[in-house]
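Descriptive structure summary
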Amino acid sequence: LGLCVSRASASVLNLNCCLVLLPMCRVLLAFLRGSQKVASRKTRRLLDKSKTFHVTCGVTICIFSVLHVAAHLVNALNFSENYNEDFLSLNAANYRGEVSQLSLMFVLVPGLTGVIMVLVLFLMCTASTYAIRVSNYDIFWYTHNLFFVFYMLLILHVSGGVLKYQTNLEEHPPGCFNPNKTLRENMTVPKAFEETFPDYTTEPFPEDLSIPEPFVQNNFMRICSEEPKFQSHFPETWFWISGPLCLYCVERLYRYIRSNKPVTVTSVISHPSNVLEVRMVKDDFKARPGQYVILHCPRVSALESHPFTLTMCPTDTKATFGVHLKVVGDWTERFRDLLLLHSNQDTEILPIFQQRRYPKLYVDGPFGSPFEESLNYEVSLCVAGGIGVTPFASILNTLLDGWKCYKLRRLYFIWVCRDIESFRWFADLLCTLHNKLWQENRPDYINIQLYLSQTDGIQKIIGEKYQALNSRLLIGRPQWKLLFDEIAKCNRRKTIGVFCCGPNKISKILHKLSNSSNSYGTRFEYNKESFS
């Protein structure tokens, strides 16, 4: 039973160790997302679940690793108790009664590599918990990169050859009789055999001796012509992980070559509520609205890098692209201090002639996200919470350059913030887009609703500059059920894309409402931001 459980769990581990790497092939996912010929909308929406799929495979690996280890502990005991004196090459133990399971573990290559893999997997699993990722992201990042050590050990783990199979079954069928060994010391001779060979002795049989055919056909006796030969099983793990591992390594090499040249930082802007905007230029950089990039600053951390959604994409007329990042951790704090000459000032715009003072910054990407689909629906509902507005900023910037080339004909934009100052991040963009659509006689193209959950300082937004936003500012939180009913009523029998980037509480409510039926025949398709 121990062998059956260990082999079965090993097969499950092989499959999941193969699949867990695929969601991390970001370039491949971005290609599939961006190609409507290769992947349909349903397929692209499945790709949005890549992070969930990766986590599921990781949890499965942890569960079946525990089962695999438990089964091999039983196997170690069985190997010592069932020591085979006749076939020494089959034994994993050194002698009969070797009950020290630890000695079996550490002497053999599979046991030693298995113990180290369990330790690595334990570190990766515990550091992946939500509490550690929020409190200290560095621990999660560094321990998760131990996956390379895990895979190297996995390749060595299957090369020990503990389990073996017989290679000469025809020459030595199981249970056969070897005439060159003494018969009476090893087995009981059938009476019919003694009657046929009355002159039988314990001496080796002559080579020309033949046993009558009835005895062989009736399974009374099977003659073997040579000693059994055993060989270790060829490791199947290679077949499972070699393809995905090579694909991932090739992609990482491609990404390293692509991001090897630093970008040119054109300006850095400090916004209210600890938000920093970085604008950059890079040769031959192309991106679609809703995509994200990975920033790496060697002066902040030699190995650590972080994903940020593009808030401004390069176009045919301008090559500038940018990101907004909220200063909430050690990495972003050090990054801000390096970029800003005077970090204690509220707003500081550094011109191009001072760019020599910026640290080197490398950009990897862009990579796809669910928000690329927001322009492919006829009607889209975009809900943002706080800094979660960043993926929608690039979409609004794109619509500002021109909206007629896209399928989108109506956009519902809901933005919920705690303080009034957060709306200033993109207040100019919203006002400019609103005025542009009014001039083009399409005021109904975008429906802007701003919700302020805390009322302190509401008077600060009052002003002539943001008059268009003042009329759309509401106090409190959205009534999501009423909002969905109103949108469904105004868009009967249509498919509406729902996009959310914000707290999990809002995400769960929107997901539930999207799956609910309504009396207007309107279908809501839910999409959620998830960095892979």
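Residues numbered from 1 in each chain as written. Predicted model: local features only at pLDDT ≥ 70, side-chain atom pairs only at ≥ 80, totals over all residues. Heavy atoms only, no water.

**Here's the deal with the nonpolar core**
One broad rule of soluble globular proteins: the nonpolar side chains tend to lie buried together. Rules: What makes a nonpolar core is a set of buried Ala, Val, Leu, Ile, Met, Phe, Trp, Tyr and Cys residues whose side-chain atoms join them at distances within 4.5 Å. Think of it in three bands: residues with accessible area under 20% of the maximum for their type are buried, residues over 50% are exposed, and the middle band is partly exposed, with areas taken using a 1.4 Å probe on protein chains only. By the criteria applied, helices consist of DSSP H or I runs no shorter than four residues and strands consist of E runs no shorter than two, each listed in order from the N terminus. In this description, contact between two residues means that some pair of their heavy atoms is separated by no more than 4.5 Å.
In this structure, Phe392, Leu399, Phe413 and Trp415 are the most contacted members of the largest nonpolar core, which totals 38 residues. Looking at this core, the elements that each hand over two or more residues are β9 (379-385), α14 (390-401), β10 (410-417), α15 (427-439), β11 (446-452) and β13 (495-501). A per-element tally of this core places α15 first, with six residues. In contact with tryptophan 415, other than residues within four places in its own chain, are Ala384, Gly386, Val389, Ser422, Phe423, Trp425, Phe426, Leu430, Gln449, Leu450 and Tyr451. Membership of the second largest hydrophobic core comes to 26 residues, among which are Val265, Phe335, Tyr358 and Leu361.

**A short note on helix α1 (residues 2-19)**
It helps to recall that an α-helix has 3.6 residues per turn; residues three or four apart then point in one direction. Under the convention used in this document: Expected helix span is given by 1.5 Å per residue-to-residue step, counting one fewer step than there are residues.
Along its 18 residues, α1 runs 26 Å from first to last C-alpha, staying within 8% of the 26 Å computed at 1.5 Å per residue. Within the sequence span of α1, burial applies to Gly2, Ser6, Ser9, Leu13, Asn14, Asn16, Cys17 and Cys18.

**Details of the pairing of β10**
Quick reminder of the rule: Any two strands with at least two DSSP-identified bridges between them are counted as paired. We call a crossover right-handed when, viewed with both strands directed away from the observer, the connection leading from the first strand over the helix to the second proceeds clockwise.
Most of β10 sits inside the fold, with seven of its eight residues counted as buried. Relative to β10, β9 runs parallel, the two being bridged by seven bridges. Note on β10: the bridge partner recorded for leucine 381 is tyrosine 412. With respect to chirality, the unit in which β9 leads through α14 into the neighbouring parallel β10 is right-handed.

**Things to note about the UniProt feature "transmembrane region" (unreviewed entry) in the protein chain**
Stated formally: UniProt positions are given in the numbering used here, feature names are shortened, and annotations may be inferred rather than shown by experiment.
Residues annotated in UniProt with the feature "transmembrane region" (unreviewed entry) correspond here to residues 12-32, 53-74, 104-127 and 139-158. Helix makes up 100% of residues 53-74 and strand 0%. Its end C-alpha atoms lie 32 Å apart. Between the end C-alpha atoms of residues 139-158 the distance is 29 Å, and the span holds 85% helix and 0% strand.

**Quick notes on unusual backbone geometry**
The omega angle of the peptide bond from glycine 365 to proline 366 is 10 degrees, so this bond is cis rather than trans. Topologically, proline 366 is positioned in strand β8 (residues 362-367). Unusually for a residue other than glycine, asparagine 274 sits at a positive phi of about 55 degrees. Within the element layout of this structure, asparagine 274 appears in the loop between β3 (264-271) and β4 (275-281). Look at asparagine 441: it is not a glycine, yet its phi comes out positive at around 60 degrees. On the secondary structure map, asparagine 441 appears in the loop between α15 and β11.

**A look at the sheet that holds β10**
Just so we agree on the cut-off: Only the stretch in contact is used when a helix axis is fitted, and all axes are lines through C-alpha atoms; the angle between N-to-C directions ranges over 0 to 180 degrees.
Taken together, six strands build an open sheet; the order of strands is β12-β11-β10-β9-β13-β14 and the sheet is parallel. With partners counted over all chains shown, the strands left at the sheet margins are β12 (473-475) and β14 (523-528), one partner each. Each strand of the sheet is rotated relative to its neighbour by a mean of 20 degrees, with strand direction disregarded. Each of β10 and β11 is contacted by α15, which is oriented at about 150 degrees to β11, the strand it contacts most. Set on the sheet, helix α18 (residues 504-514) makes contact with β9, β13 and β14; between it and β14 the angle comes to about 155 degrees.

**Focus on the packing of α14 against α15**
For clarity, the threshold we go by: Crossing handedness is read from the near helix: turned anticlockwise from the far helix by less than a right angle, it gives a left-handed crossing, and turned clockwise, a right-handed one. When residues are grouped by polarity, Ala, Val, Leu, Ile, Met, Phe, Trp, Tyr, Cys and Pro land in nonpolar, Asp, Glu, Lys and Arg in charged, and all others, Gly among them, in polar.
Relative orientation of the contacting elements α14 and α15 amounts to 35 degrees, with a least axis distance of 10 Å. In this structure, α14 crosses over α15, and the sense of that crossing is left-handed. Of α15, the residues touching α14 (which contributes Ala393, Leu396, Asn397, Leu399 and Leu400) are Leu429, Leu430, Thr432, Leu433 and Lys436. When the residues that make up the contact of α14 with α15 are grouped by side-chain class, the tally is seven nonpolar, two polar and one charged.

**Here's the deal with the environment of lysine 164**
Along the chain, lysine 164 turns up in strand β1 (residues 164-166). Among the residues examined, lysine 164 registers a relative accessible area of 32% and is labelled partly exposed. Measuring from C-alpha to C-alpha, the distance between lysine 164 and phenylalanine 230 comes to 6.1 Å, with 66 residues separating the pair along the chain.

**Topic: the packing of helix α6 (residues 109-127) against helix α8 (residues 137-144)**
How two helices pack is summed up by the angle between their axes together with the distance between the axes. Put simply, α6 and α8 touch, their axes get as near as 9 Å, and they point 150 degrees apart. Crossing angle aside, the handedness with which α6 passes α8 is left-handed. Along the contact surface, α6 presents Leu123, Met124 and Ala127, while α8 presents Ile139, Phe140, Thr143 and His144.

**Concerning a nonpolar patch on the surface**
Quick note on the threshold: Exposure above 30% relative accessible area and no salt bridge define the residues that can form patches, which grow by joining like charges within 9 Å and nonpolar side chains of Val, Leu, Ile, Met, Phe, Trp and Tyr within 5 Å. All accessible areas in this document rest on Shrake-Rupley with a 1.4 Å probe, and a residue is counted as covered only by the protein chains that are shown. Should a side-chain nitrogen of Lys or Arg be within 4 Å of a carboxyl oxygen of Asp or Glu, the pair is scored as a salt bridge.
A grouping of Leu22, Leu28, Phe31 and Leu247 is seen on the molecular surface, where their side chains present a nonpolar patch of about 340 Å² in accessible area. Its location among the elements puts phenylalanine 31 in helix α2 (residues 26-34). Of the residues examined, phenylalanine 31 reaches a relative accessible area of 52% and is grouped as exposed.

**As for helix α13 (residues 330-339)**
Just so we agree on the cut-off: Directions from the helix axis toward the C-beta atoms define the arc.
Looking at α13, one finds that the buried residues are Trp331, Thr332, Phe335 and Leu339. The buried residues of α13 occupy an angular sector of 90 degrees when projected down its axis, which confines them to one face. Elements in contact with the buried residues of α13: β3, β4, β5 (292-296), β6 (306-312) and β7 (320-326).

**Examining the sheet that holds β3**
Overall, antiparallel pairing links the six strands, which are arranged β3-β4-β7-β6-β5-β8 in an open sheet. Taken across any chain shown, the strands that pair with only one partner, and hence form the sheet edges, are β3 and β8. Between one strand axis and the next, the sheet turns through 35 degrees on average, direction left out of account. Bridge analysis of β4 against β7 gives seven bridges, and the strand direction is antiparallel. By the bridge assignment, methionine 280 is partnered in β7 with phenylalanine 321. Against the sheet, α14 touches β6 and β7, its axis set at about 30 degrees to β6.

**Notes on the side chain of glutamine 449**
Here is the rule: Contacts described as polar in this section are N or O atom pairs within 3.5 Å, which, within protein, must combine one atom able to donate a hydrogen with one able to accept it, while residues neighboring in sequence count only if both atoms come from side chains.
Tracing the backbone shows glutamine 449 in strand β11. Within polar-contact distance, the side chain of glutamine 449 engages the side chain of tyrosine 451 at 2.7 Å. Discounting residues that sit within four places of it in the chain, glutamine 449 has contacts with Phe413, Ile414, Trp415, Arg472, Leu474 and Leu483.

**Topic: the packing of aromatic side chains**
The criterion, for reference: Ring pairs shown here join Phe, Tyr and Trp side chains whose ring centres sit within 6.5 Å, with only the six-membered ring taken for Trp; geometry is labelled stacked below 30 degrees between planes, edge-to-face above 60, and tilted in between.
One pass over the structure, following the stated rule, counts 18 aromatic pairs. Pairing phenylalanine 371 with phenylalanine 499 gives two aromatic rings, centres 5.9 Å apart and planes at 40 degrees, and the pair type is tilted. On the criterion of sequence distance, the pair formed by phenylalanine 371 in the loop between β8 and β9 and phenylalanine 499 in strand β13 is long-range, its members being 128 residues apart. By the burial criterion, phenylalanine 371 is buried, and phenylalanine 499 matches it. Aromatic side chains tyrosine 377 and phenylalanine 499 sit 5.8 Å apart centroid to centroid with 75 degrees between the ring planes, which places their arrangement in the edge-to-face category. Residue tyrosine 377 is located in the loop between β8 and β9, and its partner phenylalanine 499 is located in strand β13; the two are separated by 122 residues in the primary sequence. Accessibility expressed as a relative area gives 1% for tyrosine 377, which makes it buried. Every member of this aromatic cluster is reached through a ring pair, and the members are Phe371, Tyr377, Phe392, Phe413, Trp415, Phe423, Trp425, Phe426 and Phe499.

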